[in-house]
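Chains, contacts and geometry: an overview
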Amino acid sequence: MTHLINNIIYISPESYILYYMPMKRSFLFLALVASFVATSRAHDFSVTLGGSTIYFKITDSKAHTACLTYRGNIADHNPPTCTGTVRIPSTVRHDGAVYTINAIGPKALAGADRLEGIIIPESVKQIGDFAFEGCTSLRSVAMPAAQPLMGQGTFFRCTSIADINFGTNWTSIDFTAFRWSDSLVSVSIPAKVERIQGLKTLRRLRHINVHSSNKQYASHSGCLYSTTRHTLLCVPRAYTDTLCVEEGTTAIMWGSIIDCTDITAVILPASVRQLSFREFSRMTRLQSLTIMCESPLLTTNYEGRNTTALAVANNGVMLFVPKASVKAWRKALISIEGDYYDIVDQRPQSLSLQDAAKPHHFGKPQLLQSNHIKAIKTK
Amino acid sequence: MKRHIILSILCLAPLLTLSAQEEADKLSPAEPVIPLDSLRYTIKMRELNNRREALQQRINQEDSRRGTIIPDATPAQQEAAVMEQDSICLALRSELVEVNLAIDELTSQGISTNTATPALPDASTISLPTQPNTRPNLRDMIDSVRK
């Protein structure tokens, strides 16, 4: 044993012991101690594939499962050095045992700014929080066939994702996970998907393609419809030029077109029965609107009765209707300042009656005027 | 002369023994003694827990600002504001995940909290002992023998 009585610390062979010390020195000492705190590292072993080293942590040594994780300690901020496309293996051999990779851990590849593509194997059942955060060069993501459990912010700040391959057994997709990317212009919905969320959060989306055997959804000209094609559900936000709604469509879902500011012309078939008066109110480039219905559509509730009005984002919009119905349209169209309501019976199932019954105030310049109605020849 | 020296040594020997015993008593387990590994662990853990708590509070604050409608804002401006607020909230959550991972890493070192916690007084309580160091020095002892 060594005594250093006047030097504060007493050292025994077994352990370091803090004995006593003056206050100032104690703080210095504590700071020193804190700086030397060593933590265990996250990974147990690593594998180098095509020049990229990826790290794994054994999650169950008996079941031989491991998850993809980050290198070293989280506090070290060692961004992964992965480059190009990384295909995560479904099994890895380590110390004579074969481990199944069944998860991607939280922050596993966060900050891998040279990673361009990721192929996730079928064995992966879970993707942790912020697993790919800040992978700014990541363009292509191949998901496993079975839908993994996804954590929050999985693709947070992944600004370059352009191609996502969802698995064939996926039943729901929430696109808000990919909203940080302005490169995602096209998405494909697999056959078994029954629920889609967040399509409108993709600002550069131009094209939606649904697998032909999907029982819930269908696509036509890059837009999303119900499988019967009776309801237009979503027009991609970056859809350009002319939107020609498919013949047989009876309802335009509220908000399905409203934020498509690059559309210059909309053609609605004669079959349409449901349309909100606000649907064109934000389409700043819209020039022409063609509604093939032979009688005016009831689009709003004004002063307690269902009637016809159309709010537009610019006063140059022209409405084209069949020649035989021009008079009826001109007579029905209201364009006076006031509070307009949506027709609540036409609201989407997801919208509560309370939310649907809110008034919207529009002035005269924001409403289509009857002298902007023109006739078109029909067959 | 030699007798004097031998006599002095014989007198000093019990005194030195007593002094050593006194010193050993000071280092007995009754004093607050802290294993350094536990101290490191606890300081770091406390720091991380404080950070986690602070982050959680900020997340709650920022979450409450979500969905705030900005008066007279265009839909595009409103959307941009929502996006920005989402980013703030997610960035904080990302930080929180990091702190939680750091706590997990620390915990997996194998040092149990039970070992660490009882031994650690607050930094403010680590100070000089109330009794001064009473170890007699050699000169005082010789003087006292001479007297």
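Points about the sheet that holds strand E20 (residues 231–234) of chain A
All names here are of chain A. Ordered in space as E18-E19-E20-E22, the four strands form an open sheet in which the pairing is mixed. At either margin of the open sheet sits one strand with a lone partner, and together these are strand E18 (217–220) and strand E22 (251–252). Note that strand E19 (residues 223–226) and E20 share two bridges and pair antiparallel. Residue Tyr225 lies in a different strand from E20, and its bridge partner there is Leu232.

Brief notes about empty space enclosed by the protein
All names here are of chain A. With the rule as written, the count across this model stands at one cavity of 30 Å³ or more. By volume, the largest cavity amounts to about 50 Å³. Sorting elements by how many residues they give to the lining of the largest cavity places strand E4 (residues 52–60) first, with three residues. Its residues assigned to classes, the lining of the largest cavity comprises six nonpolar, three polar and one charged.

Some points on the confidence of the model for chain B
Residues and elements named next belong to chain B. Per-residue pLDDT for chain B averages 71, and the proportion of residues at 70 or more is 54%. Confidence, read as mean pLDDT per element, is least for helix H4 (residues 113–116) in chain B (36) and greatest for helix H3 (residues 75–107) (93). Overall, residues 111–139 carries pLDDT values under 50, and its contacts beyond four positions in sequence, including any with other chains, amount to 44 contacts.

As for the pattern of salt bridges
As enumerated under the stated definition, the model contains 17 salt bridges over all chains in all. The shortest N-O distance in the salt bridge between Lys200 of chain A and Asp259 of chain A comes to 2.8 Å. Of this pair, Lys200 of chain A sits in the loop between strand E16 (195–197) and strand E17 (207–210) while Asp259 of chain A sits in the loop between E22 and strand E23 (263–268), and the two are 59 residues apart along the sequence. Given the relative accessible area of 15%, Asp259 of chain A is considered buried. The partner of Asp262 of chain A in a salt bridge is Arg285 of chain A, and the shortest N-O contact between them spans 2.3 Å. Highlighted residues: Asp262 of chain A in the loop between E22 and E23 and Arg285 of chain A in the loop between E23 and strand E24 (288–291), separated in sequence by 23 residues. Residues joined by salt bridges that share partners form a network here, namely Arg179 of chain A together with Asp63, Arg66, Asp86 and Arg93 of chain B.

Thresholds applied
- Residues numbered from 1 in each chain as written.
- Chains lettered and ligands numbered in written order.
- Predicted model: local features only at pLDDT ≥ 70, side-chain atom pairs only at ≥ 80, totals over all residues.
- Heavy atoms only, no water.
- Pairing = 2+ DSSP bridges.
- Helix = DSSP H or I, 4+ residues; strand = E, 2+ residues; numbered from the N terminus.
- 1 Å grid on protein atoms, 1.4 Å probe; cavity = no way out; pocket = protein on both sides within 12 Å on 5 of 7 lines; lining within 4 Å.
- Points joined across faces, edges and corners; volume = space filled by probe spheres on them.
- Nonpolar A, V, L, I, M, F, W, Y, C, P; charged D, E, K, R; others polar.
- pLDDT = per-residue confidence, 0-100.
- Contact = heavy atoms within 4.5 Å.
- Salt bridge = Lys/Arg side-chain N within 4 Å of Asp/Glu carboxyl O.
- Buried < 20%, exposed > 50% of the residue type's maximum accessible area, 1.4 Å probe, protein only.

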